[in-house]
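Listed below, chain by chain, are the residues.
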Amino acid sequence: MSGQYCQKLTPNQYSSFLEKNTGLVVIGYLSTDLLASRQTQILVNTAQAMGGRARFAVLHPAYSAYFENALKLEGSPTYLLFFSGVEQRRFLGAVDYEDLRELIYGPAGDVAV
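This report concerns the structure included in the present document. (Residues numbered from 1 in each chain as written. Predicted model: local features only at pLDDT ≥ 70, side-chain atom pairs only at ≥ 80, totals over all residues. Heavy atoms only, no water.)

What follows deals with the sheet that holds strand β2 (residues 24–29). In sheet architecture, strand pairing relies on hydrogen bonds along the backbone and comes in two forms, parallel and antiparallel. Judged by pairing direction, the sheet is mixed, and its five strands sit side by side in the order β1-β3-β2-β4-β5 without closing on themselves. Unpaired on one side and paired on the other, β1 (7–9) and β5 (86–92) mark the two borders of the sheet. Across the sheet, the mean angle from the axis of one strand to that of its neighbour is 25°, orientation sign disregarded. Pairing geometry for β2 and strand β3 (residues 54–59), over five bridges, is parallel. Looking at β3, one finds that Val25 is bridged to Arg55. Against the sheet, helix α2 (residues 34–50) contacts β2, β3 and β4 (78–83), and its axis sits at roughly 165° relative to β3. Each of β2, β3, β4 and β5 touches helix α4 (residues 97–105); the most contacted strand, β5, lies at about 155° to it. (Pairing = 2+ DSSP bridges. Helix = DSSP H or I, 4+ residues; strand = E, 2+ residues; numbered from the N terminus. Axes fitted to C-alpha atoms, helices over the stretch in contact; angles between N-to-C directions. Contact = heavy atoms within 4.5 Å.)

Here it is in structure tokens:
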């Protein structure tokens, strides 16, 4: 994973990451299987394509039980969109580039960039 585009967050880093990044933030919750590798690459590619207009991260899989409980996650993969530190939307399931763009911009572009 390219840490330059997609940081891996532990529970201690999660809150400070949201506080520090007050614009759009996309966080992925991914398991440790082959699907996770493909999904991580999609996150990194999307981050590169967006050129810094949003920040991207994944939740560290070693802390999956903590994140499932704290964020009420119902499965993997799950993607969370935040704006100004407040969750706006979530998407459960595997994504492609277009799915992530829709998560970020919404069906009517309802989250300002």
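Structure's up, so let's keep going.
Relative to the elements of secondary structure, Tyr79 occurs in strand β4. Tyr79 sits 22 residues away from Ala57 along the chain, and the two C-alpha atoms are 9.9 Å apart. Dropping the residues within four chain positions of it, Tyr79 is found in contact with Ile27, Gly28, Leu30, Gln39, Leu43, Arg89, Arg90, Phe91, Gly93, Val95, Leu100 and Leu103. Polar side-chain contacts of Tyr79 include one of 2.5 Å to the side chain of Gln39. (Polar contact = N/O pair within 3.5 Å; in protein donor to acceptor, adjacent residues only side chain to side chain.)

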